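A structural walkthrough
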Amino acid sequence: MANLFLLLNLIAVVSFCCVNVLAFEPSPMQDFCVADPASLARVNGLACKDPKSVQAEDFFFSGLHLAGNTTNAVGSKVTPVNVAQVPGLNTLGISLVRVDYVPWGINPPHTHPRATEILTVLEGSLQVGFVTSNPENRLITKVLKKGDVFVFPIGLVHYQRNVGNGNAVAIAALSSQNPGVITIANAVFGSDPAIATDVLAKAFQVDESIAALMQSKF
């Protein structure tokens, strides 16, 4: 009976470990797996191209020193450097973004379903924050200055706002080559097909006309 008890405990521990390992991107099993977007293979991620055809350009990106075009409704621009721009990032579990902000511009509330983000301010001042999960929904926020660093945990809704009088710039690293992004307002009010207006009205506790107005913005 004692041996059976130990065996059951061992199975439980192994199962727990396996669940945690499979929840995130697996470690690469070779030096690199440069993405082959032309491949028809269906895998969790992108198939590898023939290593013999790999070139330095597969690991290279140029232009992160250039400011993004912030002429838009939110006053910010995200320039990504992920597996779509650098095929050599495939399976390596890391990527970058540059974010430019006009004065009082925002990077609106959003989530990265597959990555934790660590952000550092290069120029200006940013108010940043993230919201914890239900039921607490606590806002954790701080004003950052040049050289400051802040972490946004994986999957949590977060945002940034330029609170300075000049333009601001930040660089962020994310723990996935394809972190994904879900901008809350776009997803809720701009889905295709649209979420029923009465559902949104009830969810946000507003009149249907207001919900419809919000949908018209997206």
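All values reported here derive from a predicted model rather than from experimental measurement.

Examining the overall build of the protein chain
Within the protein chain, the regular secondary structure consists of four helices and ten strands. Here the protein chain holds 218 residues, and the buried ones make up 30% of them. Considering only contacts within the protein chain whose residues lie at least 6 apart along the sequence, 69% involve residues at least 24 apart. Looking at the protein chain as shown, the accessible area adds up to about 13700 Å², and 63% of this sits on carbon and sulfur atoms.

Some remarks on the environment of Val188
Here Val188 is to be found in helix 2 (residues 184-189). Separated by twelve residues in sequence, Val188 and Leu200 place their C-alpha atoms 8.1 Å apart. Those residues in contact with Val188 that lie beyond four places of it in its chain are Ile195, Leu200 and Phe204.

A closer look at the layout of surface pockets
The calculated volume of the second largest pocket comes to roughly 300 Å³. Taken together, 17 residues form the lining of the second largest pocket, with Val78, Val97, His110, His112 and Val181 sitting closest to its centre. Sorting the residues of the lining of the second largest pocket by element identifies strand 1 (76-81), strand 2 (95-101) and strand 3 (106-111) as the ones contributing at least two each. The element best represented in the lining of the second largest pocket is strand 3, accounting for three residues. Looking at side-chain class alone, the lining of the second largest pocket contains eight nonpolar, eight polar and one charged residues.

Thoughts on the sheet that holds strand 10 (residues 182-183)
Strand order across the open sheet formed by five strands is 6-5-8-3-10, with antiparallel pairing between neighbours. Each edge of the open sheet is held by one strand with a lone partner, namely strand 6 (139-144) and strand 10. Sheet topology note: the strand 3/strand 8 (residues 157-162) ladder contains three bridges and is antiparallel. In the sheet register, His110 faces strand 8, and the bridge partner there is His158.

Considering the UniProt feature "binding site: oxalate" (unreviewed entry) in the protein chain
In the UniProt entry, the feature "binding site: oxalate" (unreviewed entry) is given for Asn107, His112 and Glu117. Of the annotated set named above, Asn107, His112 and Glu117 line the second largest pocket. Structurally, Asn107 is set in strand 3. A relative accessible area of 11% places Asn107 in the buried class. The contacts of Asn107, once residues within four sequence positions are left out, are Ser76, Val78, Val99, Tyr101, Tyr159 and Gln160. Here His112 lies in the loop between strand 3 and strand 4 (117-123). Residues in contact with His112, not counting those within four places in the same chain, are Glu117, Ile154, Gly155, His158, Leu174, Pro179, Gly180 and Val181.

Concerning the confidence of the model for the protein chain
Taken as a whole, the protein chain shows an average pLDDT of 90; of its residues, 88% reach a score of 70 or greater. Considering only residues more than four positions removed or in separate chains, one finds that residues 4-8, a stretch of pLDDT under 50, has zero contacts. Predicted confidence for residues 10-23 stays below pLDDT 50, and this span has zero contacts to residues more than four positions away or in other chains.

Some points on the state of the cysteines
Inspection of the entire model under this criterion finds one disulfide. A disulfide bridge connects Cys33 with Cys48, and the sulfur atoms are separated by 1.8 Å. Linking Cys33 and Cys48, the disulfide has an S-S dihedral of approximately -100 degrees and is accordingly described as left-handed. Within this pair, whereas Cys33 is found in the loop between helix 1 (2-22) and strand 1, its partner Cys48 is found in the loop between helix 1 and strand 1, the two being separated by 15 residues in sequence.

Here we look at the sheet that holds strand 1
Across the sheet, five strands lie side by side as 1-2-9-4-7; this open sheet has antiparallel pairing. Among the strands making up the open sheet, the edge pair consists of strand 1 and strand 7 (149-152). Each strand of the sheet is rotated relative to its neighbour by a mean of 20 degrees, with strand direction disregarded. With seven bridges connecting them, strand 2 and strand 9 (residues 168-174) associate as antiparallel partners. Note on strand 9: the bridge partner recorded for Arg98 is Ile171.

Section: a nonpolar patch on the surface
A surface patch of nonpolar side chains, about 420 Å² in accessible area, is lined by Phe204, Val206, Ile210, Met214 and Phe218. Along the polypeptide, Phe204 turns up in helix 3 (residues 197-204).

Cut-offs used in this document
Within each chain, residues carry numbers counting from 1 in the order of the written sequence. Local features in a predicted model are, by the rule used here, given only for residues with pLDDT of at least 70; side-chain atom pairs are given and counted only at 80 or more, and totals for whole chains, interfaces and linings are based on all residues. To obtain the side-chain values, all non-hydrogen atoms of the structure were used and water was disregarded. Counting from the N terminus, the helices are the DSSP runs of H or I reaching at least four residues and the strands are the DSSP runs of E reaching at least two. Each residue's exposure class comes from its accessible area (1.4 Å probe, protein chains only) as a fraction of the maximum for that residue type: buried when under 20%, exposed when over 50%, partly exposed otherwise. Contact between two residues is taken to exist if any of their heavy atoms lie within 4.5 Å; hydrogens are not considered. Note on areas: Shrake-Rupley with a 1.4 Å probe; residue coverage comes only from the protein chains shown. Only protein atoms enter the calculation, which uses a 1 Å grid: trapped sets of points that fit a 1.4 Å probe without letting it out are cavities, open sets showing protein on both sides within 12 Å along at least five of seven lines are pockets, and any residue with an atom within 4 Å of a point is a lining residue. Grid points are joined across faces, edges and corners, and a volume is the space filled by probe spheres set on the points. Three categories are distinguished: nonpolar for Ala, Val, Leu, Ile, Met, Phe, Trp, Tyr, Cys and Pro, charged for Asp, Glu, Lys and Arg, and polar for the others, with Gly belonging to the last. Strands were regarded as paired on the criterion that DSSP finds at least two bridges between them. UniProt positions are given in the numbering used here, feature names are shortened, and annotations may be inferred rather than shown by experiment. Every residue carries a pLDDT, the predictor's confidence in it, which falls somewhere between 0 and 100. Cysteine sulfur atoms are paired as a disulfide whenever they fall within 2.5 Å. Here the axes come from fitting lines to C-alpha atoms, over the contacting stretch only for helices, and the angles between their N-to-C directions go from 0 to 180 degrees. Residues enter a patch when their relative accessible area is above 30% and they make no salt bridge; the linking distance is 9 Å between like charges and 5 Å between nonpolar side chains (Val, Leu, Ile, Met, Phe, Trp, Tyr). Any carboxyl oxygen of Asp or Glu within 4 Å of a side-chain nitrogen of Lys or Arg constitutes a salt bridge here.

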